[in-house]
Amino acid sequence: MPEIHLRTPSSQPSPSPKVKSPPKPTSIPTPFSYYPSDDGTDENLLILLHGLGDTHIPFSKLGKQLKLPQTAVLAIRAPEQIPYLYTESYQWYPSFSPLGDLLTNPNPTPALTLLSTALDHLTSPQECAWPLDRIHLFGFAQGGSVALEFGLRVWRDREKERKEEEEREEEKNKNKVAESEEQAKERSTPTLTPPSSSSLGSIISISGPLLSYPTVPTPPGPSPTPILVVYRPPPSDPSLSTSDLTAIKKAYSNVREVKMPVKTQGTAMPSSREEWEGIMRFWSERLSRRQVEGVYEVLSGMSGR
């Protein structure tokens, strides 16, 4: 695992609670592991989504090992056991035909529904009180695809809600004909969710493509959520094709790529300090920092000792 070097932060203090309430097992309908930040300041939440045929346990260990400053970790298990397997092997959505072949056009709705339920709980002011733009996703293969699909759903749903709220406020203002000019001017500016709060903090997909080619309506247009796509070029498996990358860049306006060396055997996950460097640097730019005495900004330092 790469070393993490620190520097004094420049961001403003956050008004959100320093320590968040842990998620409740009764509110997220699948097993999960949650760890608060090691330094006692829960400013970011990193949600880890495992790949096909795995569980959340290995990713929960990974999240703990990362030790990202001011970052709590939530590893969620996929909702469905893979049929006919007796080991702990799970899938985010139905992935196989009755004959055991991988589906070419799978439907991710079960995973997106699960994550929507989890997100409602995590962002509720009465529950965990996480700001949406402080929640970051990290997914591997099938988990990466789910993360990208979910990021689009969140962006479109939140922008739709914001637009509807704007229209309600405009209609309300039209009906306030008896108000004074000063009052009308004050009410003409609706109280809306800031644009930055309509999307997640960031998404990292390791070798996970979008499942469907995106049709991006205008508005709201592509999602501004920062995306890091990490993959090994073919013949590595899993990998990403040129069309996979094009689809992601159509759906999201802020996409960065990191290519790892080709591997035809072994894991497609980053497995060395060099392969983690781009990921750590991305987080160093995207994770929020609260100015508290003794807490600093995370950087992926590659200078040796």
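Provided above is the structure to which this section pertains.
The shown structure was predicted, so the numbers you read here are calculated from the model rather than taken from an experiment.

Novice: Hey, could you run me through the overall build of the chain in this one?
Specialist: Regarding its fold elements, the chain presents six helices and eleven strands. Burial status across the chain gives 46% buried among its 305 residues. Pairs at least 24 residues apart make up 77% of the contacts formed inside the chain by residues separated by at least 6 positions. For the chain, the accessible area works out to roughly 15400 Å², and carbon and sulfur atoms hold 52% of it.

Novice: Sorry, what's going on with the packing of aromatic side chains here?
Specialist: Two measures describe an aromatic ring pair: the distance that separates the ring centres and the angle between the ring planes. Inspection of the entire model under this criterion finds three aromatic pairs. Plain terms: the ring middles of Phe138 and Trp276 are 6.1 Å apart, the flat faces sit at 10° to each other, and that makes the pair stacked. Of the two residues, Phe138 sits in strand S7 (residues 135–140) while Trp276 sits in helix H6 (residues 273–286), which places them 138 residues apart along the sequence. Each member of the pair, Phe138 together with Trp276, is buried. On the numbers, 5.8 Å between centres and 40° between planes, the contact of Phe138 with Trp283 is tilted. Separated by 145 residues along the polypeptide, Phe138 in strand S7 and Trp283 in helix H6 bring together distant segments of the chain. Taken as a pair, Phe138 and Trp283 share a single burial class, namely buried. Pairwise contacts between aromatic rings join Phe59, Phe138, Trp276 and Trp283 into one cluster. Its guanidinium or amino end placed over the ring of Trp130, Lys20 lies 4.5 Å from that ring's centre, counting from NZ or CZ.

Novice: Where do I start with a negative patch on the surface in this structure?
Specialist: A contiguous patch of negative charge, built from Asp120, Asp157, Glu161, Glu164, Glu167, Glu170 and Glu171, is present on the exposed surface. As for its position among the elements, Asp157 is in helix H3 (residues 142–174). You can call Asp157 partly exposed: its relative accessible area is 38%.

Novice: Can you help me understand the sheet that holds strand S4 (residues 71–76) in this one?
Specialist: Through backbone hydrogen bonds, the strands of a sheet pair up, either in parallel or in antiparallel fashion. As summarised here, the arrangement of the seven strands in space is S2-S4-S3-S7-S8-S9-S10, forming an open sheet in which the pairing is mixed. Every interior strand has two partners, whereas the edge strands, strand S2 (32–35) and strand S10 (255–259), have only one. On average, each strand axis in the sheet is tilted by 15° relative to the strand beside it, whichever way the strands run. As defined by bridge partners, strand S3 (residues 44–49) adjoins S4 across six bridges and the pair is classed as parallel.

Novice: It is not clear to me how the pattern of salt bridges should be interpreted in this structure. Could you clarify?
Specialist: Where side chains of opposite charge bring their charged atoms close, a pairing between them can arise. With the rule as written, the count across this model stands at twelve salt bridges. A salt bridge links Glu43 to Arg290; the nearest nitrogen and oxygen atoms lie 2.9 Å apart. Note that Glu43 is positioned in the loop between S2 and S3 and Arg290 in the loop between H6 and strand S11 (297–299), a separation of 247 residues in sequence. The buried category is assigned to Glu43, whose relative accessible area is 1%. Take Arg290: its relative accessible area is 9%, and that puts it in the buried class. With a shortest N-O distance of 3.5 Å, Arg281 and Glu277 are connected by a salt bridge. Linking Arg281 with Glu277, this pair stays in helix H6, spanning four residues, or about one helical turn. On the accessibility criterion, Arg281 (36% relative accessible area) is partly exposed. By relative accessible area, which is 26% here, Glu277 ends up partly exposed. The network of salt bridges with shared partners includes Glu43, Asp133, Arg134 and Arg290.

Parameters at a glance
Residues numbered from 1 in each chain as written. Predicted model: local features only at pLDDT ≥ 70, side-chain atom pairs only at ≥ 80, totals over all residues. Heavy atoms only, no water. Helix = DSSP H or I, 4+ residues; strand = E, 2+ residues; numbered from the N terminus. Buried < 20%, exposed > 50% of the residue type's maximum accessible area, 1.4 Å probe, protein only. Contact = heavy atoms within 4.5 Å. Areas by Shrake-Rupley, 256 points an atom, 1.4 Å probe, with all protein chains shown as cover. Phe/Tyr/Trp six-rings, centres within 6.5 Å; stacked < 30°, edge-to-face > 60°. Lys NZ or Arg CZ within 6 Å of the ring centre and 35° of its normal. Patch = residues over 30% accessible without salt bridge, like charges linked within 9 Å, V, L, I, M, F, W, Y side chains within 5 Å. Salt bridge = Lys/Arg side-chain N within 4 Å of Asp/Glu carboxyl O. Lys, Arg positive; Asp, Glu negative; His and termini not counted. Charge placed at Lys NZ, Arg CZ, Asp CG, Glu CD. Pairing = 2+ DSSP bridges. Axes fitted to C-alpha atoms, helices over the stretch in contact; angles between N-to-C directions.

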